[in-house]
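Architecture and fold: a report
What follows is the residue order along each chain.
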Amino acid sequence: MNSVQTLDSAALRRHLASSGHDALVREVEKAAAKSGAPFLAANAPLAEARVRWSQGFDALTRVAGLDAALASAKSGADHAFDASAFSRLKAERDALRRAIKTGTIWDDAAVS
């Protein structure tokens, strides 16, 4: 018997929303649609869809964290401001945003 597993996107979305991740899920969906995310393909194997969805979720979570760190540094909340660290964080955030926007985030080399 050939049992094909499929990703239950609706159930996953409900679970993440009930866990407080609804806004981030919406961001993942928007970024995925703009960047041609492989997990959106109807014929994507379940394992591949899960890996790629997690990859997108992790990337947007990282962008959100970098945004928060940069905002904190700009506001002076972090009294130990380090200009070189700020520049590195900004460069990482900007590169990640470009990768999401252009779809290069889905390149095989980007998968970890």
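This text goes with the structure placed above it.
Residues numbered from 1 in each chain as written. Predicted model: local features only at pLDDT ≥ 70, side-chain atom pairs only at ≥ 80, totals over all residues. Heavy atoms only, no water.

Before going further, it helps to spend a moment on the environment of Leu 40. The residue Leu 40 is located in the loop between α2 (22-35) and α3 (46-75) in this model. Separated by twelve residues in sequence, Leu 40 and Arg 52 have C-alpha atoms that sit 9.4 Å apart. Apart from residues no more than four positions distant in its own chain, Leu 40 is found in contact with Ala 32 and Ala 33. (Helix = DSSP H or I, 4+ residues; strand = E, 2+ residues; numbered from the N terminus. Contact = heavy atoms within 4.5 Å.)

This part is about the environment of Phe 81. Positionally, Phe 81 belongs in the loop between α3 and α4 (83-102). Given a relative accessible area of 47%, Phe 81 falls into the partly exposed group. Discounting residues that sit within four places of it in the chain, Phe 81 has contacts with Ala 73 and Phe 86. (Buried < 20%, exposed > 50% of the residue type's maximum accessible area, 1.4 Å probe, protein only.)

Bringing the packing of α3 against α4 into the picture now. For any two helices packed against each other, one specifies the inter-axial angle together with the distance between the axes. Close contact between α3 and α4 brings their axes to 10 Å; oriented N to C, the two are set at 145 degrees. Considering how the two elements wind past one another, α3 and α4 form a crossing that is left-handed. Across the interface between the two elements, Ala 59, Leu 60, Arg 62, Val 63, Leu 66, Asp 67, Ala 69, Leu 70, Ala 73 and Lys 74 of α3 pack against Phe 86, Leu 89, Lys 90, Glu 92, Arg 93, Leu 96, Arg 97 and Ile 100 of α4. (Axes fitted to C-alpha atoms, helices over the stretch in contact; angles between N-to-C directions. Left-handed = near helix turned anticlockwise from the far one by under 90°.)

The terminal C-alpha atoms of α2, which comprises 14 residues, lie 20 Å apart, in line with the 20 Å expected from a rise of 1.5 Å per residue. Phi turns positive one or two residues past the end of α2, at Gly 36, with a value near 70 degrees. (Expected span 1.5 Å × (residues − 1).)

Attention shifts here to the side chain of Arg 52. With respect to the helices and strands, Arg 52 occurs in helix α3. Of the polar contacts made by the side chain of Arg 52, one reaches the side chain of Glu 48; its length is 2.7 Å. (Polar contact = N/O pair within 3.5 Å; in protein donor to acceptor, adjacent residues only side chain to side chain.)

Further remarks concern α4. Taking 1.5 Å per residue as the helical rise, α4 with its 20 residues ought to reach 28 Å, and the 28 Å between its terminal C-alpha atoms agrees with that figure. All of the buried residues in α4 are Phe 86, Arg 93, Asp 94, Leu 96, Ala 99 and Ile 100. On its buried side, α4 packs onto α2 and α3. Two residues or fewer after α4 comes Gly 103, characterised by a positive phi angle close to 90 degrees.

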